[in-house]
Number of protein chains: 2
Amino acid sequence: MDVLVPFDVRDPKSRLDSVLDADERAAFARATCRDVLDALAAAGFEPTVLATAAVDWPPSVVVDDRPLTTAVNAALTERGPPLAVVMADLPLATPAALSRLTKPDADVVLAPGLGGGTNALVVRTADFAVDFHDASIRDHRAAARSAGASVASVDSFRLACDVDEPADLAEVLLHADGRAADWLADAGFELSVTAGRATVTRAPETG
Amino acid sequence: MDVLVPFDVRDPKSRLDSVLDADERAAFARATCRDVLDALAAAGFEPTVLATAAVDWPPSVVVDDRPLTTAVNAALTERGPPLAVVMADLPLATPAALSRLTKPDADVVLAPGLGGGTNALVVRTADFAVDFHDASIRDHRAAARSAGASVASVDSFRLACDVDEPADLAEVLLHADGRAADWLADAGFELSVTAGRATVTRAPETG
């Protein structure tokens, strides 16, 4: 199945700015996106990166500088269903987790993200448009139902864990082993286990 | 399969103390535990609550006031495998999500929680003991492997979402519809959708 992977080239992962500078955020976002592309390819998807500006590294890229929702809906209209959309910031995504997206026989399949987002979806009907915003999962469910489309969910921790905030980096170190995890380790991040949930610390720069 | 549901009667959900007083935390924890018990029963498990002090409401309860790890390992030894352990603070747990715990044909099946915890597990070998602590998921994996036990994971967002912190309440309002979600709504909690992840607000008390 064709899959779009929206990728923000310009100011990715801005909510990580307390722990990563702009160049680091760009490098980490790229490592994560490449992990997602590899996992998608291993799961049999044919990924196209939908980037906000030109990039030179993915195998297939379309540049569209419009807002995320507009760009994805334009691609949905142009390519037609079936089409999957998978966010680029899912460093825990595995081929097994991504394969689950195509299993439910529903017009719209949704994988929720932490905090109400929609981290991945499969669209098999022309009567559904995406609307990415905060807490979009509720509105995607409602939109599908009001279009008369059948809806299913994929219950995946790995697809729910997008990396938006510093605390999310702990999940990468705990559960991932690809480029994003390697990048964090190389940048000096380590798990910090205190009372409550694991967080991360960063080793002071040397030299 | 028999399943233990450890339940802290004395000071449950202490990290919610910024938004709920002690009586409210007790009531919310009880509502959540009852949701988990219902979902387990619907999934064909036979749950026993492993409580830190007497409670009058579950169908089957064993009181053990020792620390969580000690109490669970004592019950594992006494009852023998196979045995499941499912945390009481999983308000998003559904029968479908819980049923996935018994699917993998492995000696130890682990369902990770956010932040490195272990929210549910199935033990089919006498050579494995639990050790619940922060970031226990890594140590449970390692302990199973060093015991020569096969290990599998269940990739479930619903089982990963325990409720420890105020931000977790948003997941309940977004994805659950049982007693815990009703209790929060009755207590005045509503989703608050701003930039970033959904959070909750609580209506001011009236009267």
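Within any chain, residue numbers begin from 1 and follow the written order of that chain's sequence. Here every chain gets a letter starting at A, and every ligand a number starting at 1, in the order they are written. With pLDDT at 70 or above as the cut-off, local features in this predicted model cover only qualifying residues; side-chain atom pairs require 80 or more to be listed or tallied, and sums for whole chains, interfaces and linings still use all residues. Think of the side-chain values as coming from all heavy atoms in the structure, minus any hydrogens and water.

> I'd like a description of the relation of the copies chain B and chain A, backed by residues and values.
The copies were overlaid with a least-squares fit restricted to C-alpha atoms from residues scoring a pLDDT of at least 70 in each copy. The transform that puts chain B on chain A rotates by 180° and translates by 0.0 Å along the axis, for an RMSD of 0.0 Å. The superposition of one copy onto the other is thereby described by a two-fold rotation axis. Throughout, a residue-residue contact means that at least one pair of heavy atoms, one from each residue, lies within 4.5 Å. Same-surface contact between copies: 97% of interface residues of chain B are shared with the interface of chain A.

> Run through the interface of chain B and chain A, naming residues and quoting values.
Between chain B and chain A, the contact holds 33 residues from the first and 32 residues from the second. Of the roughly 2700 Å² buried between chain B and chain A, counting both surfaces, carbon and sulfur atoms make up 52%. Salt bridges are identified by distance alone: a Lys or Arg side-chain nitrogen within 4 Å of an Asp or Glu carboxyl oxygen. Linking chain B with chain A are 2 salt bridges. Measuring nitrogen to oxygen at the nearest pair gives 3.5 Å for the salt bridge that ties B:Asp155 to A:Arg100. Counting of polar contacts relies on pairs of N or O atoms within 3.5 Å, with two restrictions inside protein: one atom must be capable of donating a hydrogen and the other of accepting it, and residues adjacent in sequence are counted only when both atoms are side-chain atoms. One can count 14 residue pairs in polar contact (both at pLDDT 80 or more) joining chain B with chain A. Helix numbering and strand numbering both begin at the N terminus, where a helix is a DSSP run of H or I of at least 4 residues and a strand a DSSP run of E of at least 2. If you list the elements that add at least two residues to the side of chain B that touches chain A, you get α4 (136–146), α5 (157–160) and α6 (168–175) of chain B. Ranked by the residues each element gives to the side of chain B that touches chain A, the list is headed by α6(B), at 4 residues. Within the side of chain B that touches chain A, the residues separate by chemical class into 13 nonpolar, 7 polar and 13 charged. Computed with a 1.4 Å rolling probe, the buried area is the accessible surface lost when two parts are put together, summed over both parts. Under the scheme applied, nonpolar residues are Ala, Val, Leu, Ile, Met, Phe, Trp, Tyr, Cys and Pro; charged residues are Asp, Glu, Lys and Arg; polar residues are all the others, including Gly.

> How would you summarise the sheet that holds strand β3 (residues 61–63) of chain A if you had to cite specific residues and measurements?
All names here are of chain A. One bridge is not enough; two strands pair if DSSP finds at least two bridges between them. Spatial strand order, β3-β2-β1-β4-β6-β5-β7: 7 strands in an open sheet with mixed pairing. What marks the edges here is a single partner per strand, and that holds for β3 and β7 (151–153). When strand polarity is set aside, the average angle formed by the axes of neighbouring strands in this sheet is 20°. Where strand β1 (residues 2–7) and strand β4 (residues 83–86) come together, 2 bridges link them in parallel fashion. The residue of β4 that forms the bridge with Val3 is Ala84. For helices, the fitted line uses only the C-alpha atoms of the stretch in contact; every axis is such a line through C-alpha atoms, and the angle between N-to-C directions lies from 0 to 180 degrees. Along the sheet face, helix α2 (residues 68–79) touches β1, β2 (46–51), β3, β4 and β6 (118–123) and points at about 160° away from the line of β1.

The values reported here are purely geometric and, on their own, carry no functional implication.
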